Amino acid sequence: MKKESWKELAIGTLNLNPGNSVANLTGTWRSGKKPQFIEENCIQCLFCWLYCPHFAIRLEGEKVVGFNYDYCTGCGICSVECPPKEKAIVMVKEEIKLAEGRKK
Amino acid sequence: MRTLKPLNGNQSIAEATRQIDPDVIAAYPITPSTAIVESIAQFKADGLISGEFVCPESEHSAMSVCIGAAAAGGRVMTATASQGLALMWEMLYIAAGLRLPIVAGIANRALSAPINIHGDHSDTMGARDSGWIQIYSENCQEAYDNFIQAFRIAEHMDVRTPVLVGLDGFIVSHSVEVIQVEDDDAVKSFCGEYKPVYPLLDTSRRITVGPIDFTDYYFEHKRSQIEGIENSYKVIEEIGKEFGRTFGREYGFFEEYRTQDAEVCIVVMSSAAGTCKDAVDELRNEGLKVGLLKPRVFRPFPNEKIGEALKKMKAIAVLDRSSSPGAFGAPLFGEIRSALYDYEKRPKIVNYVYGLGGRDIKVEHFKEVGAKLAKIAETGKIEEMCGYLNLRE
């Protein structure tokens, strides 16, 4: 993505295209661990969806079905907040790939 | 109706505010600017202004309200002094960074410690690098005139930068002068209708105000901010002339007094310049070819114009009503000395810090400076580059 020169920027640090952080694939920040969904343990409390700082919990209707790895940073908050004794979200090892950079 | 009114400096600022009637006024009273806020509160209670008058719990909040209101799309003003301006500190930078055309009246006062409520320029000099345009006033008339022009300068589409107007605490803020108050409609029409840029209240257009920048954008945004204050050189000049055409009192970056054939010159800002004019007259009568240069605009600093005006002098004394501990000379001295650097033949230049915490500066002190300048001009030698005036040694 080409970055603007100072002359091309909107006045006063304004962002005239709000929501453009969608192009920032925070999934590239993941380093070593990713969440894994174990459906049979899930009580559908939606805590993970509520706590995820990157809106990376995938829902279908009102049900958790997994993760959007484009944005999941692997922070593990969802796994910590997951209430069942037998957790529905566990962090598993992920082979570290050097960041491939932004797709778009 | 155009009329003469006996007003002190604070009332002059309040009177201009009443005539302009900004959309939002948010201020927390602090000596010696309290009467600005008090008078505006009275105007509001009497139904003479229609804008929102917000009384927040501190100056930090006052400036925060101003920022929010300006981002929402309003014409906004505030007033403060000293510790109040210091408490606004981080918000001053945000107002400038977001390019919000807020106008503030500052009754210049010393900063603690020791606590002191009297006039000096430590407060606004401390805000020197916050990105605000700074205009200083010699008397109540100038405070009134500068405050009206400040809105036009701040709101100009090439500038969109906040402006503060300084008036010396007590000496100007509390001294009554008969000033020319212009007609309400004439002032309103001079300021014109406020045109917001990307107001938050325009819900048809989605914007984000004040998002975070990382290492890849902060520098560009700061550079873009600097362009606003750079553009204000031209605008300040144009508006000063337009003010002259409209109301008969023209303003430039600085005022020169008897400098035409002067060989030595005193540079001093704000109220002390008035006293200095008397000293110049007396020194002239005694045969010294002395002049006065009174900077009005400190930010942006008119270095080229001041350099041109001062280059022919044999010796110059720059008087600062603030100190910059540990620096080589006080703030104004540094600017003036730097403005003269590129000339092959440069005047000798000295610095005197005066009037801290409201310490009097009288004609005799300026005459003392004049005598020292005469000696420097004659011998070409400087005994003391940075000194103090009217201080017990």
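Residues numbered from 1 in each chain as written. Chains lettered and ligands numbered in written order. Predicted model: local features only at pLDDT ≥ 70, side-chain atom pairs only at ≥ 80, totals over all residues.

**A short note on the interface of chain A and chain B**
Now for step 1: On the chain B side, the residues contacting the twelve residues of chain A number 19 residues.
Now for step 2: A class-by-class count of the residues in the side of chain A that touches chain B yields six nonpolar, four polar and two charged. (Contact = placed C-beta atoms within 7 Å. Nonpolar A, V, L, I, M, F, W, Y, C, P; charged D, E, K, R; others polar.)

**Topic: helix 9 (residues 218–247) of chain B**
What sets the pattern is the α-helix's 3.6 residues per turn: residues three or four places apart point alike.
All names here are of chain B.
Now for step 1: Across its 30 residues, helix 9 extends 42 Å between first and last C-alpha, which sits within 8% of the 44 Å expected from 1.5 Å per residue.
Now for step 2: Of all the bends in helix 9, the greatest, near 35°, is centred on Tyr-233.
Now for step 3: Restricting attention to buried positions, one finds in helix 9 the residues His-221, Ser-224, Gln-225, Gly-228, Ile-229, Ser-232, Val-235, Ile-236, Ile-239, Gly-240 and Phe-243.
Now for step 4: Those residues of helix 9 that are buried lie in contact with helix 5 (89–97), strand 6 (133–137), helix 7 (140–155) and strand 12 (297–299).
Now for step 5: In the segment just after helix 9, Gly-248 is the residue with positive phi, at about 90°. (Helix = DSSP H or I, 4+ residues; strand = E, 2+ residues; numbered from the N terminus. Expected span 1.5 Å × (residues − 1). Bend = angle between axes of the 7 residues up to and from the residue. Buried ≥ 20, exposed ≤ 12 C-beta atoms within 10 Å, placed from the backbone.)

**Concerning the confidence of the model for chain B**
Now for step 1: Of all residues in chain B, 100% attain a pLDDT of 70 or more, and the chain-wide mean is 97.
Now for step 2: Predicted complex metrics record ipTM = 0.89 and pTM = 0.92. (pLDDT = per-residue confidence, 0-100.)

**Some thoughts on the sheet that holds strand 9 (residues 254–257) of chain B**
All names here are of chain B.
Now for step 1: Read across the sheet, six strands follow the order 9-11-10-13-14-15 without closing on themselves; strand pairing throughout is mixed. Whereas interior strands pair on both sides, the edge strands pair on one side only; in this sheet they are strand 9 and strand 15 (386–388). Recorded for the sheet is a direction-independent mean angle of 20° between the axes of neighbouring strands.
Now for step 2: Bridge count between strand 13 (residues 315–320) and strand 14 (residues 348–353): six bridges; the pairing is parallel. In the sheet register, Ala-317 faces strand 14, and the bridge partner there is Val-350.
Now for step 3: Packing against the sheet, helix 11 (residues 303–310) makes contact with strand 9, strand 10 (264–267), strand 11 (290–295) and strand 13, and its axis sits at approximately 175° to strand 11. (Pairing = 2+ DSSP bridges. Axes fitted to C-alpha atoms, helices over the stretch in contact; angles between N-to-C directions.)

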